[in-house]
Amino acid sequence: MREYFRYFKWMYLLLAAVAALLGFLCLGHWGISKMLHYERTNQSCVTKERVFDYGDVLTDQEENKLRKLIAKREAQTGCDIVLITLQESLQEYARQIEPGVGYDEFVRVYAEQFYEENQFGYDRPNGDGIVLVDNWYREEDGHIYTWLCTTGRVKEKYSDQAVDHILDNVYRYVERDPYLAYKTYVNDFYHDMLGIQIFHLYVPGSVPWIMGLLSAVLFAVCNGRSKKGAKTTTALTYTGGAQPVFRVKQDRFLRKSVVTRKIQSNNGSSGGRSGGGGGGSHGGGGHSR
């Protein structure tokens, strides 16, 4: 066991250092969150409501829990946090505002209009804030659409990867537990906006392969000159010094038989689809299920 640890101790030390760093960052994250409290300066917002469960997917108790959580996170982030659920087609509504808009952007049009009409924004009308619109209605193209709309400081903060990450987390739970999905949306947003995003990492799929390759190279470099693999026996080791005798065996080729058959095959193909995003003074992105 000691020999094993001696060869891999650098890996254990690295893991210990990473764990200590993460613990320090989490402690700092907790301390900063306790000190933050933004004062709201937008007095023009036409509503104090933040949870609009028009789709009726939440219980009254769940709505109240989300309202309390959102109020807390808004003061900590200095941003309005809005949640909207729907259970209706947005085709007619969206195409009255933007003729020809695609199915995947009906929710975008709705989110941007809802935000502007209610003058959301923690600092000013149409200012810093975010709204998640989750429409449970299956549109004519067979999909259910969700949109995350970012405005003001949030738009500048959120990259495309960050938008996808938060929507992926919502979709992880939304079908079996909508409350958990929307709670995740609020808390993920809070973590993303706090500090300089050193607490939220996006790891590309190639990173594990690169780390594995680097580990192999480091192991080879550290153990390349080891004597553990040195040659300790020869052909004379177990013969008392006499020359060994080897029996000679031969394989002779006699004949061959070749059979050919024609095999019929069918070729098929498959394709995918992609959607677009919003513009103007808003940012964000959408998912479908």
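Residues numbered from 1 in each chain as written. Predicted model: local features only at pLDDT ≥ 70, side-chain atom pairs only at ≥ 80, totals over all residues. Heavy atoms only, no water.

## Focus: the overall build of the protein chain
- The helix and strand tally for the protein chain stands at 8 helices and 5 strands.
- In the protein chain, the order of α-helices and β-strands from amino to carboxyl end is α-β-α-β-α-α-β-β-α-α-α-α-β.
- For the protein chain, with 289 residues in total, the buried portion stands at 35%.
- A separation threshold of at least 6 residues defines the contact pool for the protein chain, and within that pool the share at least 24 residues apart is 73%.
- Looking at the protein chain as shown, the accessible area adds up to about 19300 Å², and 55% of this sits on carbon and sulfur atoms. (Helix = DSSP H or I, 4+ residues; strand = E, 2+ residues; numbered from the N terminus. Buried < 20%, exposed > 50% of the residue type's maximum accessible area, 1.4 Å probe, protein only. Contact = heavy atoms within 4.5 Å. Areas by Shrake-Rupley, 256 points an atom, 1.4 Å probe, with all protein chains shown as cover.)

## As for the side chain of asparagine 135
- Relative to the helices and strands, asparagine 135 is located in strand β3 (residues 129-135).
- Excluding its chain neighbours within four sequence positions, the residues that come into contact with asparagine 135 are Leu86, Gln87, Glu88, Leu90, Val107, Ile144 and Tyr145.

## Considering the environment of glycine 152
- Mapped onto the secondary structure, glycine 152 falls in the loop between β4 (145-151) and α5 (153-157).
- Residue classification places glycine 152 among the buried positions, given a relative accessible area of 19%.
- Non-local contacts of glycine 152, meaning those with residues more than four positions away in its chain, are made with Gly127, Asp128 and Ser281.

## Considerations on the sheet that holds β4
- Taken together, 5 strands build an open sheet; the order of strands is β1-β2-β3-β4-β5 and the sheet is mixed. Strands at the two margins of the open sheet, each flanked by one partner only, are β1 (51-53) and β5 (282-288). The sheet shows a mean angle of 10 degrees between the axes of neighbouring strands, direction not considered.
- Of the strand pairs in this sheet, strand β2 (residues 80-86) and β3 are connected by 7 bridges, and their pairing is parallel. Note that in β3 the partner of isoleucine 81 across the bridge is isoleucine 130.
- Lying over the sheet, helix α2 (residues 60-77) contacts β1 and β2, oriented at roughly 150 degrees with respect to β2. (Pairing = 2+ DSSP bridges. Axes fitted to C-alpha atoms, helices over the stretch in contact; angles between N-to-C directions.)

## Things to note about the layout of surface pockets
- The calculated volume of the largest pocket comes to roughly 260 Å³.
- Taken together, 14 residues make up the lining of the largest pocket; nearest its centre are Arg40, Thr47, Lys48, Arg50 and Glu74.
- Each residue belonging to the lining of the largest pocket can be placed in one class, and the counts come to 5 nonpolar, 4 polar and 5 charged. (1 Å grid on protein atoms, 1.4 Å probe; cavity = no way out; pocket = protein on both sides within 12 Å on 5 of 7 lines; lining within 4 Å. Points joined across faces, edges and corners; volume = space filled by probe spheres on them. Nonpolar A, V, L, I, M, F, W, Y, C, P; charged D, E, K, R; others polar.)

It is worth stressing that arrangement in space is one thing and function is another; only the former is reported here.
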